[in-house]
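# Coordinate analysis (summary)
For reference, the chains in residue letters:
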Amino acid sequence: MSSKRQKNMDGSNTTSAATDLTSDMADYRKPDAKTLQTLKDAANRLRIDSIKATTASKSGHPTSCCSAADIISVLFYNTMRYTLAEPRHPSSDRFVLSKGHAAPVLYAAWAQAGLFPREDLLNLRKIDSDLEGHPTPRLNFIDVGTGSLGQGLSVACGMAYTGKYWDKASYRVYCMLGDGESAEGSVWEAMAWGSHYNLDNLVAIFDVNRLGQSEPTALQHEMDVYRRRAEAFGWNTYVVDGHDVEALCKVLHEASSVKGKPSCIIAKTYKGKGIPDVEDQENFHGKPMGDRSDGAIKAIQGLIAGENSVGPQPMTDDAPKVDLTNIKMTQPPTYSLGDKVATRAAYGTGLAKLGQACDRVVAFDADVKNSTFSEKLKKAKPEQFVECFIAEQNMVGVGIGAATRDRAVVFCSTFACFLSRAYDQIRMAAISQSNVNLSGSHVGVSIGEDGPSQMALEDLAMFRAIPGATVFYPSDAVSCERACELAANTKGICYIRTSRPATPVIYSSDEVFEAGKAKVVRKSDSDKVTIVAAAVTLVEAQKAADELAKDGINVRIVDPFTIKPLDVDTLRASAEATGGRVLTVEDHYPEGGIGEAVSAGLSEFPNITVKKLAVREVPRSGPPAVLLEKFGISANCIKKAVQEML
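What counts, and at which threshold
- Residues numbered from 1 in each chain as written.
- Predicted model: local features only at pLDDT ≥ 70, side-chain atom pairs only at ≥ 80, totals over all residues.
- Heavy atoms only, no water.
- Helix = DSSP H or I, 4+ residues; strand = E, 2+ residues; numbered from the N terminus.
- Rg over C-alpha atoms; globule rule 2.2 N^0.38 Å.
- Buried < 20%, exposed > 50% of the residue type's maximum accessible area, 1.4 Å probe, protein only.
- Contact = heavy atoms within 4.5 Å.
- Areas by Shrake-Rupley, 256 points an atom, 1.4 Å probe, with all protein chains shown as cover.
- Lys, Arg positive; Asp, Glu negative; His and termini not counted.
- Charge placed at Lys NZ, Arg CZ, Asp CG, Glu CD.
- Phe/Tyr/Trp six-rings, centres within 6.5 Å; stacked < 30°, edge-to-face > 60°.
- Lys NZ or Arg CZ within 6 Å of the ring centre and 35° of its normal.
- Polar contact = N/O pair within 3.5 Å; in protein donor to acceptor, adjacent residues only side chain to side chain.
- Salt bridge = Lys/Arg side-chain N within 4 Å of Asp/Glu carboxyl O.
- Pairing = 2+ DSSP bridges.
- Axes fitted to C-alpha atoms, helices over the stretch in contact; angles between N-to-C directions.
- Arc of directions from axis to C-beta.
- Domains from an automatic or database assignment.
- Nonpolar A, V, L, I, M, F, W, Y, C, P; charged D, E, K, R; others polar.

## Notes on the overall build of the chain
In terms of regular secondary structure, the chain is built from 20 helices and 21 strands. The C-alpha atoms of the chain give 28 Å as radius of gyration, which agrees with the globular expectation for 646 residues (26 Å, within 12%). Principal-axis analysis of the C-alpha atoms places the extent of the chain at approximately 90 × 55 × 45 Å. With 646 residues in all, the chain has 60% of them scored as buried. Looking at the chain alone, contacts between residues at least 24 apart form 78% of all its contacts between residues at least 6 apart. On the chain, roughly 24200 Å² of surface is accessible, and the fraction owed to carbon and sulfur atoms is 46%. Each charge class in the chain can be summarised by its mean position, and for the 73 positive and 79 negative side chains these summaries are 1 Å apart.

Spelled out as structure tokens, the structure:
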């Protein structure tokens, strides 16, 4: 492979592989002087608006906005194609502000383009304004919430993958990152993933303004190091003066003609650009200008030569129409009562049926598809499966991006314990009003010999804490397939907890399931205790019930199906029918699991006592049956607990 030395836009040299990309600059025309001045003026107006907004709110990050202003101006008024009539139009270019603290400059860009009055910017961070301190989709021009750094590029990768491989549309995706957040490992997970899938419709822009929050960044302005890193991850890379609008116009145009790999623009900028005595100085991060505002505005205003005359470039409306409503499996479950099937296997079956019914049902997996059984969708519809490798943070971020603008019904799966690595992405998904679905397999001590590092024992607590989440815990193969179908049609974050061991099918194929509706799977007129259990512990509860019945003790067994929302009505009725005695049994730590959910749900009703069986210490390797007994959730332990309650 030949290589050549080329001059970067900031004057430094770059060695690039000449055969790695195809770039046709023949159609590039340097913007005329008037256009360039208009873009410069727009950038300076963005600076002024950011200073005014943060001064009015007495909080915010004006210096971070000022470093990004020229890049934002060129993107929004020269490069990106979108419509003000519908900012989240399926065919419009996407922009993700990963450095979410620079939100004021993004708001100002949309206001200056004409989406809403610039005066509204002065409502920044007020309780009755959707112009929050960091972007959220409460605004009709924001796709995802940002502000937890290091996540935006993964989301942008998901958007770009959707555009390239599923929509097959002409829209492009742009993501602006701060140099400080490039210390996050998730950024480089995304860099590796984006190049692996040849996302040539994606551009990452690093705003390298040298200064972090508390001190200079590790690399400061070592632009060549940033360049080498980006190129090492397989990206077509440019180093550019981030305040030179002509250079920005040129590299963004060139990036649009590159085929086969994503592009990365390393932009050298200065924090607080244009503000006297603040530009490139430490200790001004996250501080409004206060008494300096008038002087800063006056200085920047003096650089503006013309009237505001900016707006979006026309888009190409070529994204296909997508209908994601009322998605049903191609056929109902086909199991017989008593069949032993692992719910993780049923998850794969349900996913494949949904994917065959709708070509926008897609699966992402973190290199455990043969354990989560998402590989069943890959075998049935290979173009609807995406491997994310062992990078769970990026997998969830990519899934969130793919689900934006209702372009796909996304299922992300891995071992449930490894979703804890991506918990911040999941938390931000809720803020982003995402409809992403997640499935975690290999839960609890029942996985056996693999040991505690592989056992999810805190996942229910994780997902119950996510606002608006629906937490499915199916107990057999039929209910698991139906959980997949319900998740595909449920707004908000959905989590499906699946188990490794094969458990008996207890529901008929035509059983109807609803989120928030429990099933009473065993009852009599003389029940003494209500047992609430799911999956593996439901099997143990049935065994215990059979043994107790031999002693003349009948118990009621409730399968909650969803832990959130919880069917409090059924639980209350069952508790009152059994003398107020409730026993919960779960393959999970006691904190935040089924027991605490049931206790909270029944807490307002008098004369009900809840006893909880759960895994109360860090477990160890061993056969599943031995572990269930050792850690207090086996049939024998359930029987003893019922006897103690009586």
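## A short note on the packing of aromatic side chains
Inspection of the entire model under this criterion finds 21 aromatic pairs. For the pair Y161 and W193, a centre-to-centre distance of 5.6 Å together with 45° between the ring planes defines the contact as tilted. A residue pair is termed long-range when its members are at least 10 positions apart, and Y161 in helix α4 (residues 152-167) and W193 in helix α5 (residues 185-196) qualify at 32 residues. For the pair Y161 and W193, a shared accessibility class is recorded, and that class is buried. Judged by centre distance (4.8 Å) and plane angle (55°), the ring pair of W193 and Y197 falls under tilted. Both residues of the pair, W193 and Y197, count as buried. Clustering of aromatic rings is evident, with ring pairs tying together F76, Y82, F95, Y107, W110, F116 and F141. A cation over an aromatic ring shows up here: R497 above the ring of Y473, its NZ or CZ 4.9 Å from the ring centre.

## Topic: the side chain of D207
Relative to the assigned elements, D207 resides in strand β5 (residues 202-208). A polar atom in the side chain of D207 sits 2.7 Å from the side chain of K99. Those residues in contact with D207, other than ones at most four positions away along the chain, are S64, S67, A68, I71, K99, M176, L177, G178, D179, A267 and T269.

## Considering the pattern of salt bridges
Applying the stated rule across the entire model yields 30 salt bridges. The salt bridge involving D167 is made with R360; its shortest N-O contact spans 2.8 Å. Of this pair, D167 sits in helix α4 while R360 sits in the loop between α9 (343-357) and β9 (361-365), and the two are 193 residues apart along the sequence. Using a relative accessible area of 8% as the deciding quantity, one classes R360 as buried.

## What to know about the sheet that holds strand β13 (residues 470-472)
The strands making up a sheet are joined through hydrogen bonds of the backbone, oriented either antiparallel or parallel. Within the open sheet, the seven strands sit side by side as β10-β9-β11-β12-β14-β13-β19. Their pairing is mixed. The open sheet has two free edges, formed respectively by β10 (385-387) and β19 (562-564), since each of these has just one partner strand. Strand-to-strand twist in this sheet, taken as the mean axis angle between neighbours without regard to direction, amounts to 20°. Note: strand β12 (residues 437-441) against strand β14 (residues 494-497), four bridges, orientation parallel. By the bridge assignment for β14, G440 is matched with R497. Its contacts with the sheet put helix α12 (residues 392-403) on β9, β11 (409-415) and β12, and the angle it makes with β11 is roughly 170°.

## Focus on helix α17 (residues 568-577)
When α17 is considered as a whole, its buried residues turn out to be L571, S574 and A575. Take α17 and look down its axis: the buried residues cluster within an arc of 100°, on one side only. For α17, the elements touching its buried residues are β16 (519-522), β17 (527-533), β18 (554-559), β20 (581-585) and α18 (594-602). One or two residues past the end of α17 sits G579, with phi positive at roughly 70°.

## Points about the domain arrangement of the chain
If you check the domain split of the chain, you get domain 1 (33-302), domain 2 (339-505) and domain 3 (519-644). Counting every contact that joins domain 2 to domain 3 gives zero salt bridges. Remark: the boundary between domain 2 and domain 3 carries 18 residue pairs in polar contact (both at pLDDT 80 or more). Of all the secondary structure elements, the ones that give two or more residues to the side of domain 2 that touches domain 3 are α14 (459-464), β13, α15 (477-488) and β15 (502-504). When residues of the side of domain 2 that touches domain 3 are assigned to their parent elements, the largest contribution, five residues, is made by α14. Across the side of domain 2 that touches domain 3, the residue classes break down as 21 nonpolar, 10 polar and six charged.

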